[in-house]
Protein chains: 2
Amino acid sequence: MAAPSALDQLVDSLKRLPGIGVKSAQRIAMHLLQHDRVGAQVLARSLEGAVANVRHCARCHTFTEAEVCSTCLDPQRDRRQLCVVETPADQAAIERSGGFQGLYFVLMGRLSPLDGIGVRDIGLAQLFERATDGEVEEVIVATGFTAEGEATAQAIAQTLKARGINVTRLARGVPVGSELEYVDLGTIAHALVDRR
Amino acid sequence: MAAPSALDQLVDSLKRLPGIGVKSAQRIAMHLLQHDRVGAQVLARSLEGAVANVRHCARCHTFTEAEVCSTCLDPQRDRRQLCVVETPADQAAIERSGGFQGLYFVLMGRLSPLDGIGVRDIGLAQLFERATDGEVEEVIVATGFTAEGEATAQAIAQTLKARGINVTRLARGVPVGSELEYVDLGTIAHALVDRR
């Protein structure tokens, strides 16, 4: 069967998305053409709109449509604390916790040498510049507690400490609401070491 | 955190795709904006192109960019056999098997009353017209062997037989290459009934 080339092209471009294989791409293309052509057009316009308008905040590096994002512009926030996160989603999680009033720096990634993501790719140079603006007194490293997140935290801490900046890391320990019996051993070991 | 609205819109349109939840939509949007803006533009153009150019073949109802698809126009194909499949992917699977030289009718769906998909939504009226063109001698129903596929096959067979058309169904039985020990009981029971 010779599929129409416009359909082939659509499947190919969908396949390029992360987490979408050839079967999902075919299913999505079929669905859009058969049941939701309006949805396909809306998606096309959203893609064009996002590519044209979304850029990085000049201060914290997160996605924004302005020169500086609304969080960085907020006069209520404490300029002495800078929390370093991997993604805007991580930033949103910390905001929801309500436990932080300072500013953020969003790496938009993490060190991952196996994927070819090095120090230059995650805006570390920008972070160093940001952290040495004279107002920041403490950098709280809130990268993930995965191997890559820890490596990123290590790299950040080393460089910032060498420049005399106070660097802290989110506490490792037993999650709220968990029964010890079901907590993994590495977490319990860390919670014992970091007991207070 | 107030996310930029162009990014929100992109996540919303991605969420509308089948099989894409809010987490996947966020991951895809992040990936496109951070690492593959060219891919986002290519996808936008493919969507526009497919919506503008892909339509249904006037004879077999599959997706095509012409009035009639290349399979239906092929003079080498046997016009006396019409194979009814659910999707272009099913048609492609039968083509790859090399066991069929006739023409196809693609339902682009199957009966699924629970999802509100009835006889009118899957082009059955068009199929009845197509099957009574005077050339078709046998309609081979190759819908899936799922509950919906079987119901669809039943509906097709009833109506076409009432009009005196010869209707057959793909054989049910033990898949090639399988050990009986691991074949499910329903399949074995059917293979016993349909033994030859």
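Thresholds applied
Residues numbered from 1 in each chain as written. Chains lettered and ligands numbered in written order. Predicted model: local features only at pLDDT ≥ 70, side-chain atom pairs only at ≥ 80, totals over all residues. Heavy atoms only, no water. Helix = DSSP H or I, 4+ residues; strand = E, 2+ residues; numbered from the N terminus. Buried < 20%, exposed > 50% of the residue type's maximum accessible area, 1.4 Å probe, protein only. Least-squares fit on C-alpha atoms with pLDDT ≥ 70 in both. Expected span 1.5 Å × (residues − 1). Contact = heavy atoms within 4.5 Å. Salt bridge = Lys/Arg side-chain N within 4 Å of Asp/Glu carboxyl O. Buried area = accessible area lost by both parts, 1.4 Å probe. Polar contact = N/O pair within 3.5 Å; in protein donor to acceptor, adjacent residues only side chain to side chain. Pairing = 2+ DSSP bridges. Axes fitted to C-alpha atoms, helices over the stretch in contact; angles between N-to-C directions. UniProt positions renumbered as here; feature names shortened; annotations may be inferred. Right-handed = clockwise from strand over helix to strand, strands pointing away. 1 Å grid on protein atoms, 1.4 Å probe; cavity = no way out; pocket = protein on both sides within 12 Å on 5 of 7 lines; lining within 4 Å. Points joined across faces, edges and corners; volume = space filled by probe spheres on them. Nonpolar A, V, L, I, M, F, W, Y, C, P; charged D, E, K, R; others polar.

This next bit is on the environment of Leu124 of chain A. Summarising the element assignment, Leu124 of chain A is placed in helix H6 (residues 124–131). Residue class for Leu124 of chain A comes out buried when judged on its relative accessible area of 1%.

When chain A is fitted to chain B, the best match, at an RMSD of 0.1 Å, comes from turning it 180° and sliding it 0.0 Å along the axis. The transformation relating the two chain copies, once decomposed into turn and shift, fits a two-fold axis. Among all C-alpha atoms of chain A, that of Ala44 of chain A lies closest to the rotation axis, at 2.1 Å.

All names here are of chain A. In this model helix H7 (residues 147–162) runs 23 Å from its N-terminal to its C-terminal C-alpha over 16 residues, within 8% of the 22 Å that 1.5 Å per residue would give. Considered for burial, the residues of H7 that qualify are Gly149, Thr152, Ala153, Ala155, Ile156, Ala157 and Leu160. Taken together, the buried residues of H7 touch strand S3 (78–85), H6, strand S5 (138–141) and strand S6 (166–169). Two residues or fewer past H7, Gly164 is found with a positive phi of approximately 80°.

Another aspect to go through is the pattern of salt bridges. Applying the stated rule across the entire model yields 20 salt bridges over all chains. Residue Asp133 of chain A pairs with Arg130 of chain A through a salt bridge whose shortest N-O separation is 3.1 Å. Given the relative accessible area of 7%, Arg130 of chain A is considered buried. Residues Arg172 of chain B and Glu150 of chain B are paired through a salt bridge, measuring 2.8 Å at the closest nitrogen-oxygen approach. Placement of Arg172 of chain B in the loop between strand S6 (166–169) and helix H8 (185–193) and of Glu150 of chain B in helix H7 (residues 147–162) is noted, with a sequence separation of 22 residues between them.

Summarising the element assignment, Leu14 of chain A is placed in helix H1 (residues 5–15). In this structure Leu14 of chain A comes out as buried when scored by relative accessible area, which is 0%. Each C-alpha atom of the pair Leu14 of chain A and Gln26 of chain A lies 8.4 Å from the other, and the pair is 12 residues apart in sequence. Leave out the neighbours within four places in its chain, and Leu14 of chain A touches Ile20, Ala25, Ile28 and Ala29 of chain A together with Leu43 of chain B.

The extent of an interface is frequently quoted as the accessible surface area lost upon association of the parts. In this assembly, 52 residues from chain A lie in contact with 52 residues from chain B. A combined buried area of about 4,800 Å² lies between chain A and chain B, and 68% of that area is made up of carbon and sulfur atoms. Between chain A and chain B we count two salt bridges in total. Summed over the shared surface of chain A and chain B, the result is 16 residue pairs in polar contact (both at pLDDT 80 or more). Among the elements of the structure, H1, helix H2 (22–35), helix H3 (37–53), strand S1 (55–56), strand S2 (63–64), helix H4 (70–73) and helix H5 (88–97) of chain A are those that each provide at least two residues to the side of chain A that touches chain B.

Quick look at the sheet that holds S3 of chain A now. Remark on secondary structure: sheet strands pair via backbone hydrogen bonds, oriented parallel or antiparallel. Residue and element names in this part refer to chain A. The strand order across the open sheet built from four strands is S4-S3-S5-S6, with neighbouring strands paired in parallel fashion. Pairing within the sheet leaves two strands with one partner each, and these edge strands are strand S4 (102–106) and S6. Shown here is a sheet whose adjacent strand axes are inclined to one another by a mean of 25°, direction ignored.

Take the UniProt feature "zinc finger region: C4-type" (unreviewed entry) in chain A next. As annotated in UniProt, the feature "zinc finger region: C4-type" (unreviewed entry) corresponds to residues 57–72 of chain A in the numbering used here. Counted over residues 57–72 of chain A, helix gives 19% and strand 12%. Its end C-alpha atoms are 8 Å apart.

All names here are of chain A. Pairing geometry for S3 and S4, over five bridges, is parallel. Pairing of Leu82 across the sheet is with Leu103, part of S4. A crossover links S3 with its parallel partner S4, the connecting element being H5, and its sense is right-handed.

Of the pockets and cavities examined, the largest pocket occupies roughly 1,100 Å³. Lining of the largest pocket is provided by 36 residues; of these, Gln26, Arg27 and Met30 of chain A together with Thr87 and Pro88 of chain B occupy positions nearest its centre. Listed by contribution, the elements that provide at least two residues to the lining of the largest pocket are H1 and H2 of chain A together with helix H5 (88–97) of chain B. When residues in the lining of the largest pocket are grouped by element, the largest group, nine residues, is from H2 of chain A. Among the residues making up the lining of the largest pocket, the classes are represented as 16 nonpolar, eight polar and 12 charged. Along its surface, the second largest pocket is lined by 22 residues, and Thr87, Gly109 and Arg110 of chain A together with Arg27 and Met30 of chain B are the ones closest to its centre. At the level of elements, H5 of chain A together with helix H2 (22–35) of chain B are the ones that each hand at least two residues to the lining of the second largest pocket. Top element by residues in the lining of the second largest pocket is H2 of chain B. It accounts for seven residues. Across the lining of the second largest pocket, the residue classes tally to six nonpolar, eight polar and eight charged.

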